[in-house]
Amino acid sequence: MDSYELDSFSPAHRLTPNRAPGISMPLLHQDTPRLAPNRWQGPALHEGKHRTSSFEYKQQVPSLTKRMLTVTKLLALPLAASAYLVFCIIVNKRLITLKSNGFYAFTPDHIATIKAGVTSLSQLVIFAALYPVADIVSKLQSEEFFRTLGSRRMQGVPLAILDKKSNPNYGFMRFLNDAFSRTSSIYMFSAFVAALIGVAISWVTPAALNVATVLVESETVALAVGAVPAQGVYNTSKPVLGLPGWDASQNSALAASVLWSEMELGANYSFSVAGSDAEFAAYIVPSPIDLTTTVSAHWMTDVVGMNPSCEWASTNISSTTQLEGNQSVPFSLTAGVYLQNLGLDVSITSIDYGLNMMVITAMDPLYDVFNHSTQGPPTDGSTVFAVSQCFTGCNNVSFLNPVLLNWTNIPTFTLDVNANAYDQAQTWKFAFLACRPNAVIQTREVVSNGTGFLEVLPVRQGKQYVSQGNLHPTQTPLMLSIALSGITIYAGPMNSSTTSAGSYSTVQNDFLFGREQMDSLPQPSFDGQSVVVTILPTDTLARTFTGMLQSVSKTYLAGFLGTAYVPAKVFSPHVVFVSSMPFIIASAVMFGILFVLIIIMHFRRHEKAFTLVNVSAALHGSNLPKYFALGEESQALVVVGGQRVVLQKGEDGTSVLQIINP
């Protein structure tokens, strides 16, 4: 078999077979119209056609890729901007929470880091949206050199201006100078406006989206709150030491101490109730047992609405009365008085007068104050103060700076005290001051805002709440009466170093006389002059009485008397997206204007870019190299020369740069 040597696929290298010596091959005539196919020539021709097709395909692929890239750049701005702004609008209309996962915990503790991350992502999206702007501005800047020459083909361009345009360091100030000196094309001015809008977008748009910490409520849970059950205060079935209200009475000492700490020291104990509404001046709210003051929640509970009032009582005694009982046992003597305008009976004992010229005591509702009709404890929440002052037979009474009361417009009666083995006969002037909460128990929605304050929400229009039953209607007002009964003795330390104004209780004295009047009293001394004090108006007393009831009720309504479970929803802090609609609108307007400018600039009349190839072609046959042969003279020529540069057609039809003299 013959063998063949294939040394090349080029048509110039014709393949010939190796044959044995002496064997010749017939020559083909040159005019032969049809040549027999050559088995070595055929593959070469097919290979040439294949290379031609590959070359054409390779030319088509870059063209298709370039078009796809151009379309992608044009769509990058509207797509990225629309996605960003639509997300901002959704965030503005609904709550979108950043949920924690195994990779990162989106908790309020990391809010600063999360904000930085969201801002970075916003800037990344905005960068993607503004990339086509930067790209087209760069192209316009590159085309500006030849576009300026082309727009002034006849008159030419001053050499100094053209020299600046050939400088690649084209910053904002040159942009601004060319825009207002009218040395730039309309497209370059559009690019300048687009660049300004892009800067504004980079400042404004990131502010449209942010994150914040909000409270998200949980599912309904059972919340333990304080309660006043039936017979929780006055229990006749199980009296302690023979007294039905012994437990509640003993707790009044703690209640008075809490009142002193809040009123005198300004220290909040547990939750405080904030605000009021048109229906009630204040509310008393049972405290949640297991809820801290820093947790936000809302729940349904019975509350006490109050419109407190204070007034001086009119009595059934027209002038004088006496203590009755065993005269040999002074402490057993009593005198009954009917407070006609209050519907209450009070019992006066020797405890209600004594060691000072003036004595003021809060009467115990379990032993000294009774409902006139039922002769049981008062159920209206009244707190009665017995006010007395010695008038005759007061030699054995302390005369340290005697404080006397201004009795103007106060209804009084006189108590005659007979002489006994311990004291001489005396006369005392008496009056009774009663403050009532005028309590109404209602079921309301209560909100804890996480700062230690509780807010009672008004009843929604057309809504009727089901009673939770955690506040008994008669036991609760009685609890309020007992809670304030310890104010005279237990409300803070007794300050015996100051002058007594009916008692040494600073809380009671500040309530009745006001802190300013008490601070003006002189220090106690044996040779001091008597001082006259005036009890504050009843309207002022009622306002202070409101806050006092809220304070003393805290220890009773924090689970001391009982506990009830009410429906509640607890709020927990979550990190959510937030957006600003004004920033969204401003960003949408700027993105819209920017997109219109990009479309205009994209469909511009394209010019050659300022590249080495294009500049070299324009300098072929140009007289510019002759003028700029010497470096020292070329800079002077640009600065002081009046030459202009034109783009002329050369002999071969190409555009050539030429310097012309003015």
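This structure is a prediction, so every number in the text was calculated from the model and none was measured.

**Let's talk about the sheet that holds strand 1 (residues 157-158)**
Argument step 1. Strand order in the open sheet formed by 3 strands is 1-21-22, and the pairing between neighbours is antiparallel. Looking along the sheet, the strands with just one partner apiece sit at the ends: strand 1 and strand 22 (655-660).
Argument step 2. Relative to strand 21 (residues 644-649), strand 1 is paired through 2 bridges, and the arrangement is antiparallel. What sits directly across from Val-157, in strand 21, is Val-645.

**What about the sheet that holds strand 12 (residues 369-371)?**
Argument step 1. The sheet built from 3 strands is open, its strands ordered 9-10-12 with antiparallel pairing. At either margin of the open sheet sits one strand with a lone partner, and together these are strand 9 (334-339) and strand 12. Put simply, the sheet's adjacent strands are angled 25° from each other on average, direction ignored.
Argument step 2. Looking at chain direction, strand 9 and strand 10 (residues 344-349) are connected through 6 bridges and run antiparallel. Of the residues in strand 10, the one forming a bridge with Thr-334 is Thr-349.

**Considering the packing of aromatic side chains**
Argument step 1. The tally for this structure, following the rule as stated, stands at 7 aromatic pairs.
Argument step 2. Judged by centre distance (5.9 Å) and plane angle (20°), the ring pair of Phe-413 and Phe-430 falls under stacked. On the criterion of sequence distance, the pair formed by Phe-413 in strand 15 (residues 413-417) and Phe-430 in strand 16 (residues 426-436) is long-range, its members being 17 residues apart.
Argument step 3. Since its relative accessible area comes to 2%, Phe-413 is described here as buried.
Argument step 4. Centroid distance Phe-413 to Phe-432: 6.0 Å. Interplanar angle 20°. Geometry classified as stacked.

**Digging into the environment of Gln-523**
Argument step 1. Summarising the element assignment, Gln-523 is placed in the loop between helix 11 (515-519) and strand 19 (531-533).
Argument step 2. According to the relative accessible area criterion, Gln-523 is exposed, its value standing at 55%.

**A short note on the state of the cysteines**
Argument step 1. Throughout the structure, instances matching the rule amount to 1 disulfide.
Argument step 2. For Cys-310, the disulfide goes to Cys-435, at an S-S distance of 2.1 Å. Judged by the sign of its S-S torsion, about 115°, the bond between Cys-310 and Cys-435 is right-handed. In this pair, Cys-310 is assigned in strand 7 (residues 309-312) and Cys-435 in strand 16, connecting sequence segments 125 residues apart.
Argument step 3. Cys-310 gets classed as buried once you look at its relative accessible area, which sits at 8%.

**Structural notes on the pairing of strand 11 (residues 358-362)**
Argument step 1. The buried fraction of strand 11 amounts to 5 of the 5 residues, a majority that puts the element mostly inside the structure.
Argument step 2. Because side chains alternate across strand 11, one face comprises the buried residues Met-358, Ile-360 and Ala-362, and the other comprises Val-359 and Thr-361, equally buried.
Argument step 3. For strand 11 and strand 13 (residues 383-392), the ladder comprises 5 bridges, and the chain directions are antiparallel. What sits directly across from Val-359, in strand 13, is Ser-388.

**Observations regarding the confidence of the model for the protein chain**
Argument step 1. Model confidence for the protein chain is summarised by a mean pLDDT of 79, while 77% of its residues fall at 70 or above.
Argument step 2. Taken element by element, the predicted model of the protein chain shows its lowest mean pLDDT in helix 16 (residues 631-640) (54) and its highest in strand 7 (95).
Argument step 3. Scored below 50 in pLDDT, residues 1-41 shows 17 contacts in the model against residues more than four places distant or in partner chains.
Argument step 4. In the model, residues 44-52 has pLDDT below 50 throughout and makes 1 contact with residues more than four positions away in sequence or in other chains.

**Let's talk about the pairing of strand 16**
Argument step 1. In terms of burial, strand 16 is largely enclosed, as 9 of its 11 residues are buried.
Argument step 2. With 4 bridges joining them, strand 7 and strand 16 adopt antiparallel strand pairing. Its bridge partner being in strand 16, Ser-309 is matched across the sheet by Arg-436.
Argument step 3. As paired strands, strand 15 and strand 16 are joined by 5 bridges and run antiparallel to one another. Looking at strand 16, one finds that Thr-414 is bridged to Lys-429.

**Quick word on the nonpolar core**
Argument step 1. Counting 53 residues, the largest nonpolar core has Ile-487 and Phe-513 as the members making the most contacts within it.
Argument step 2. No other element matches helix 12 (residues 538-560), which puts 8 residues into this core.
Argument step 3. The residues touching Ile-487, leaving out its near neighbours within four places in the chain, are Ala-256, Leu-259, Ala-362, Phe-385, Ser-505, Val-507, Gln-508 and Met-548.
Argument step 4. Residues Leu-85, Ile-96, Ile-201 and Phe-577 belong to the second largest nonpolar core, which totals 36 residues.

**Observations regarding the pattern of salt bridges**
Argument step 1. Here the structure, examined in full by the defined rule, presents 8 salt bridges.
Argument step 2. Where Arg-515 meets Glu-264, a salt bridge forms, and the shortest distance between an N and an O atom there is 3.2 Å. Placement of the pair is Arg-515 in helix 11 and Glu-264 in the loop between helix 7 (252-263) and strand 4 (272-274), with a sequence separation of 251 residues.
Argument step 3. Classification of Glu-264 by relative accessible area gives partly exposed; the value is 22%.
Argument step 4. Between Glu-311 and Arg-436 there is a salt bridge, with its nearest N and O atoms 2.8 Å apart. With Glu-311 in strand 7 and Arg-436 in strand 16, the pair connects residues that are 125 residues apart, well separated along the chain.
Argument step 5. Take Glu-311: its relative accessible area is 26%, and that puts it in the partly exposed class.
Argument step 6. Assessed through its relative accessible area of 18%, Arg-436 is described here as buried.
Argument step 7. Here the salt bridges do not stand alone but share partners, grouping Glu-264, Asp-510 and Arg-515 into one network.

**A word on the packing of helix 7 against helix 12**
Argument step 1. Packing of helix 7 against helix 12 brings their axes to within 8 Å, and their N-to-C directions diverge by 130°. Taken together, the axes of helix 7 and helix 12 lie oblique to each other. Considering the relative orientation of helix 7 and helix 12, their crossing is right-handed. Between helix 7 and helix 12, the contacting residues are Ser-252, Leu-254, Ala-255, Val-258, Leu-259, Glu-262 and Met-263 on the first element and Thr-544, Met-548, Ser-551, Val-552, Lys-554, Thr-555 and Tyr-556 on the second.
Argument step 2. Counted by class, the contact of helix 7 with helix 12 contains 8 nonpolar, 4 polar and 2 charged residues.

So, how was this worked out
Residues numbered from 1 in each chain as written. Predicted model: local features only at pLDDT ≥ 70, side-chain atom pairs only at ≥ 80, totals over all residues. Heavy atoms only, no water. Pairing = 2+ DSSP bridges. Helix = DSSP H or I, 4+ residues; strand = E, 2+ residues; numbered from the N terminus. Axes fitted to C-alpha atoms, helices over the stretch in contact; angles between N-to-C directions. Phe/Tyr/Trp six-rings, centres within 6.5 Å; stacked < 30°, edge-to-face > 60°. Buried < 20%, exposed > 50% of the residue type's maximum accessible area, 1.4 Å probe, protein only. Disulfide = S-S within 2.5 Å. pLDDT = per-residue confidence, 0-100. Contact = heavy atoms within 4.5 Å. Core = buried A, V, L, I, M, F, W, Y, C linked by side-chain atoms within 4.5 Å. Salt bridge = Lys/Arg side-chain N within 4 Å of Asp/Glu carboxyl O. Parallel < 35°, antiparallel > 145°, perpendicular 65-115°, else oblique. Left-handed = near helix turned anticlockwise from the far one by under 90°. Nonpolar A, V, L, I, M, F, W, Y, C, P; charged D, E, K, R; others polar.

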